[in-house]
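Residue-level structure breakdown
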Amino acid sequence: MLQTKFLSAGSNIKEALKYTCELVSSIFLEDSNYPRVEKIDIHCESAKEAEELDRLLWDYPEDIILPHNLTHKTEEGVFVEIGYPGSTFLKEDKKMLLNLNPDLPNQISEYLYYYQLVISDNSKLRERAANTWQECKSMGLNPSFIEALK
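Figured I'd write up the structure that's included with this text. (Residues numbered from 1 in each chain as written. Predicted model: local features only at pLDDT ≥ 70, side-chain atom pairs only at ≥ 80, totals over all residues. Heavy atoms only, no water.)

Right, let's talk about the pairing of strand β4 (residues 80-83) for a bit. One face of the sheet, then the other: side chains in a regular strand alternate in exactly this way. Side-chain alternation along β4 places Val80 and Ile82 on one buried face and Glu81 and Gly83 on a second face that is also buried. Sheet topology places strand β2 (residues 39-43) next to β4; four bridges connect them, and they run parallel. Each bridged residue has a counterpart across the sheet, and for Asp41 the counterpart in β4 is Glu81. Strand direction decides the pairing type here: strand β3 (residues 68-70) and β4, joined by three bridges, are parallel. (Buried < 20%, exposed > 50% of the residue type's maximum accessible area, 1.4 Å probe, protein only. Helix = DSSP H or I, 4+ residues; strand = E, 2+ residues; numbered from the N terminus. Pairing = 2+ DSSP bridges.)

For the rest of this paragraph, the subject is the pattern of salt bridges. In this structure the tally under the stated criterion is eight salt bridges. Across the pair Glu45 and Arg128 runs a salt bridge, and its minimum N-O distance is 2.6 Å. Of this pair, Glu45 sits in the loop between β2 and α2 (47-59) while Arg128 sits in helix α3 (residues 124-138), placing them 83 residues apart in sequence. The class of Arg128 is partly exposed, set by a relative accessible area of 23%. Among the salt bridges present, the one from Asp103 reaches Arg128, with a minimum N-O distance of 2.7 Å. (Salt bridge = Lys/Arg side-chain N within 4 Å of Asp/Glu carboxyl O.)

This is the structure:
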C-alpha cells in the first residue's frame, strides 16, 4: 500500500520551500527518519514555484549539493525532479512524491511514498490540504500527520 504522510511545512510558501530543501537533503543523506528511495519527484503548484524551488536547492542547505532539475530539463542521474501541473515526471522505480501543491495530484499510485506538505496558513492552502486528506481516506489510503521533523 502507498505510504501516505502529511507533513507540517510552515505557515507560508517561503517556509514550505525552505522546509522542502531540508527534507530532501535529509532523505538524500539517508536520515533514518525517512525511507530510502532512489528518486524524489516534487510536485509544485505552479511553474514559478518550481523555478523558485530549483534556485533555492542550489543554495540551501549550504553544506550539500543535491542533484536536481526541472521536469522539462530531462537529465539522467538526478535525485530530485521538480514539476508542476501539466509536467511529466520520468517513470522509474523506488520513488517518492513530495507534493507542495495542496491538491491531490494524478498518478500517486506510481510511487512507494506520498508526502503531502501542508502549509498551515489558516486559510485556503490549509483547507485544500484537508480536502486532499479526505480524498486519500476515500481512496482507502491510511494517511498520517506528522509535525515537521528537524
